Number of protein chains: 2
Amino acid sequence: MKRRELLRGAGLAAVATGLAACGAAPGDGAGPTASTERLQWKMVTSWPTNFPGLGTGAAKLAEMITATSGGRLTVKVYGAGELVPAFEVFDAVGRGTAEMGHSAAYYWKGKSAAAPFFCAVPFGLNAQEMNGWLYQGGGLELWRELYARFGLVPFPAGNTGVQLAGWFRKPVASIADLKGLKMRIPGLGGEVMSRVGATPVNLPGAEIFSSLQTGAIDAAEWVGPYNDLAFGLHRAAKFCYYPGWQEPGPTLECMVNQAAWEKLPQDLKDIVDACCRAVNDSMLAEYTARNQQALDALVREHGVELRQLPDDVLLALRRASDKVLEDVVGEDLFARKVLESMRAFQAQARAWHAVSEEAYYATRG
Amino acid sequence: MKRRELLRGAGLAAVATGLAACGAAPGDGAGPTASTERLQWKMVTSWPTNFPGLGTGAAKLAEMITATSGGRLTVKVYGAGELVPAFEVFDAVGRGTAEMGHSAAYYWKGKSAAAPFFCAVPFGLNAQEMNGWLYQGGGLELWRELYARFGLVPFPAGNTGVQLAGWFRKPVASIADLKGLKMRIPGLGGEVMSRVGATPVNLPGAEIFSSLQTGAIDAAEWVGPYNDLAFGLHRAAKFCYYPGWQEPGPTLECMVNQAAWEKLPQDLKDIVDACCRAVNDSMLAEYTARNQQALDALVREHGVELRQLPDDVLLALRRASDKVLEDVVGEDLFARKVLESMRAFQAQARAWHAVSEEAYYATRG
């Protein structure tokens, strides 16, 4: 549904309520109690407005909350830079400039060494496993504990699935080819690249294409075929590598200002939770369907060189990743607790997926 | 939340609304309009009440709808046999005995050859791919078109992920060991087993253990470690085989009586849709987390023999599956349309997942 339709429907509902209650004249439906009060929330995001997958996911979340609440909680989405810059979403929602935000936890590693674990960890959990850990393995409780320090309440609200390893202007034949390479790669993946001699830089998605095209950077990882095609990265770098070791199933986040959250009546809290879960499901479905169509276009129409990273490169990256996780956690006891919780879940997930998802892919193929 | 808490919360909200509106005396909140009317729906299911995953998923769906609607739409869950038998859910909701049901579409192959495609197809789509096809690949539109003939509106509402191939009283060393085998296996998987000489039977979950233990059947597939351990299948058959070729990612369904659906105000329709999507996400997370714990217990504590089906057996089953899909579709033009839609999606899904999920599992392992 389009927001306009939602608001019209909400307006009618408000009128109906008013009339039903005691024949009052139709109004905007505003009322003194939680159940009739109409709230207007802002959602700031780290994505261009309606950017495929990430932006449309944030828009869908806002529309679902507005629709399921019958307009009692109307959420307006702001793209990166419209209200606050892409990387100020965390602070903006924390101080209440906006009641809600949609972003990715690994952008906040400067706030806490534990933050990236709630989005993506190199050689870590894939999308299905992230959901298992967050919802059923204690991950979400740890995430809530961390964000509470910053006046925020986090919710899983989307996943891209396994990403691509990135776009390179020159082929990557061995680990030596990564030395001195300037690559846009955020989060822990960037830390790992620095250990093998590359120079990681972080840029908002909207700045990647021009930086790559001008040669300001030599390589970039963004998301996957669906988003990379939309940004035209194949026009700035010919070589596309897989698999996305750095982001095997990044969880996108919806964060809510703690004070705004506590003011919500229980049914609106339940609505926000349900809609975040719904978008967590639908965003991955969108990526699954669109990535494969985009990959088709990149390879068949645009002549992209799709290659797997050499085994020795993947092995070097995996070894570096283990060190990076230890180092970023360091003396941070909370981050250590999160790392151990995730590692314990991953050990079991690998055992089960080896005889289920992984064995099935092999059998079907 | 427990339903009692939800109802109490809803009651209080109703009181608050009443007082706020015009100081009316507290009541049950019932009113003449859609937005204040309080609906009580029955949800019949094909699972034992609160059975792990399937039953708890149905219960969570009912609780979420009741909570997010502030009690305006209260859903009461009935386990298999409480109101109608497990395999009469489809008819019961179609005729309005219950407004809502939670089951699996492949149980209704007798109603339409196309029905099983909306749950699980041997060697077909896994959970992530089913969501991609249903939400973004035209699958859900086809499902709605089919169920409309029966006065039903379907929603994806859960997934178990890749299942186990099943429990066998004797080892399966070759395709010859399947000949004459009496096995509980529903849907298209059962058709495939019959092509390789086995005798498929369908039994509600609750009857599997006793049938297997008494030798009435020689083998049985149910779901996976989490559910199979709960039923104690390891005490009736020692050999556990993987992968679940017959059910690579079965979608569970929520079905709503068409007439009841059309009476819902738009915000309650949006709530039902959002909650089904939320449970579709959370059920798979529950299976992902619990299957691996149960697998641990089965192998380490109960001495289960966990084995992969021999390659020649899997190959024979895959060949038989291709024939079965063609045969069940036969002259049914609609079923043919569904098969082709699914096959086209699967061809692309395999190409993308070969360089993403599948390649990542291999790299991480």
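Here, the structure is the one placed above.
This is a predicted model, so every value here is computed, not measured. (Residues numbered from 1 in each chain as written. Chains lettered and ligands numbered in written order. Predicted model: local features only at pLDDT ≥ 70, side-chain atom pairs only at ≥ 80, totals over all residues. Heavy atoms only, no water.)

## As for empty space enclosed by the protein
Going through the model one piece at a time under the given rule, you end up with eight cavities of 30 Å³ or more. Taken as a whole, the largest cavity holds about 150 Å³ of empty space. Lining the largest cavity are 14 residues, with Asn131, Asp281 and Leu284 of chain A together with Asn131 and Leu284 of chain B sitting closest to its centre. Listed by contribution, the elements that provide at least two residues to the lining of the largest cavity are α4 (127–136) and α10 (266–300) of chain A together with α4 (127–136) and α10 (266–300) of chain B. Each residue belonging to the lining of the largest cavity can be placed in one class, and the counts come to six nonpolar, six polar and two charged. (1 Å grid on protein atoms, 1.4 Å probe; cavity = no way out; pocket = protein on both sides within 12 Å on 5 of 7 lines; lining within 4 Å. Points joined across faces, edges and corners; volume = space filled by probe spheres on them. Helix = DSSP H or I, 4+ residues; strand = E, 2+ residues; numbered from the N terminus. Nonpolar A, V, L, I, M, F, W, Y, C, P; charged D, E, K, R; others polar.)

## Overview of the sheet that holds strand β3 (residues 100–103) of chain A
Residues and elements named next belong to chain A. Pairing within the open sheet is mixed, and its five strands lie in the order β2-β1-β3-β10-β4. The two strands at the open ends of the sheet, each matched to only one other strand, are β2 (73–78) and β4 (152–159). Taken over all neighbouring pairs, the strand axes of this sheet differ in orientation by 25° on average, direction set aside. Sheet topology note: the β3/strand β10 (residues 251–257) ladder contains four bridges and is antiparallel. Along β10, the bridge assignment pairs Ser103 with Glu253. Lying on the sheet, helix α5 (residues 139–148) is in contact with β4 and β10; it crosses β4 at an angle near 135°. (Pairing = 2+ DSSP bridges. Axes fitted to C-alpha atoms, helices over the stretch in contact; angles between N-to-C directions. Contact = heavy atoms within 4.5 Å.)

## Examining unusual backbone geometry
Residue and element names in this part refer to chain A. With an omega dihedral of -5°, the bond running from Tyr242 to Pro243 counts as a cis peptide bond. Here Pro243 shows up in the loop between β9 (239–242) and β10. One non-glycine residue with positive phi stands out, namely Asn50, at about 55°. Owing to a relative accessible area of 48%, Asn50 belongs among the partly exposed residues under this scheme. (Buried < 20%, exposed > 50% of the residue type's maximum accessible area, 1.4 Å probe, protein only.)

## Regarding the interface of chain A and chain B
Listed as interface residues are 80 residues of chain A and, on the opposing side, 79 residues of chain B. Where chain A abuts chain B, roughly 6,700 Å² becomes buried across the two surfaces, and 60% of that area is made up of carbon and sulfur atoms. If you sort the residues of chain A by the area they bury against chain B, Trp352, Tyr361 and Arg364 of chain A come out on top, with a joint share of 13%. For the pair chain A and chain B, the interface holds two salt bridges. Glu129 of chain B is the partner of Arg364 of chain A in a salt bridge, and the nearest nitrogen-oxygen pair spans 2.8 Å. (Buried area = accessible area lost by both parts, 1.4 Å probe. Salt bridge = Lys/Arg side-chain N within 4 Å of Asp/Glu carboxyl O.)

## Examining the pattern of salt bridges
Summed over the entire model, instances satisfying the criterion amount to 24 salt bridges over all chains. In this structure, Asp91 of chain B engages Lys111 of chain B in a salt bridge whose closest nitrogen and oxygen atoms are separated by 2.6 Å. Separated by 20 residues along the polypeptide, Asp91 of chain B in helix α3 (residues 89–94) and Lys111 of chain B in the loop between β3 (100–104) and α4 bring together distant segments of the chain. Among the salt bridges present, the one from Glu221 of chain B reaches Arg184 of chain B, with a minimum N-O distance of 3.3 Å. Taken as a pair, Glu221 of chain B in the loop between β8 (219–220) and α8 (225–231) and Arg184 of chain B in strand β6 (residues 182–184) lie far apart in primary sequence, 37 residues in all. Each of the two residues, Glu221 of chain B as well as Arg184 of chain B, counts as buried. Through salt bridges that share partners, Glu326, Arg336 and Arg343 of chain A make up one connected network.

## What about the packing of aromatic side chains?
By the definition in use, this model includes 35 aromatic pairs over all chains. Their ring planes at 25° and their centres at 5.4 Å tell us that Trp222 of chain B and Phe231 of chain B sit as a pair that is stacked. Of the two residues, Trp222 of chain B and Phe231 of chain B, neither departs from the other in class, the shared state being buried. Plain terms: the ring middles of Tyr226 of chain B and Tyr287 of chain B are 5.6 Å apart, the flat faces sit at 80° to each other, and that makes the pair edge-to-face. On the criterion of sequence distance, the pair formed by Tyr226 of chain B in helix α8 and Tyr287 of chain B in helix α10 is long-range, its members being 61 residues apart. Its relative accessible area of 0% is what places Tyr287 of chain B among the buried residues. Among the aromatic residues, those joined into a ring-pair cluster are Trp47, Phe87, Phe90, Tyr106, Tyr107, Trp108, Phe118, Trp133, Trp143, Tyr147 and Phe150 of chain A. We note Lys76 of chain A situated over the ring of Tyr78 of chain A; from NZ or CZ to the ring centre the distance is 4.6 Å. (Phe/Tyr/Trp six-rings, centres within 6.5 Å; stacked < 30°, edge-to-face > 60°. Lys NZ or Arg CZ within 6 Å of the ring centre and 35° of its normal.)

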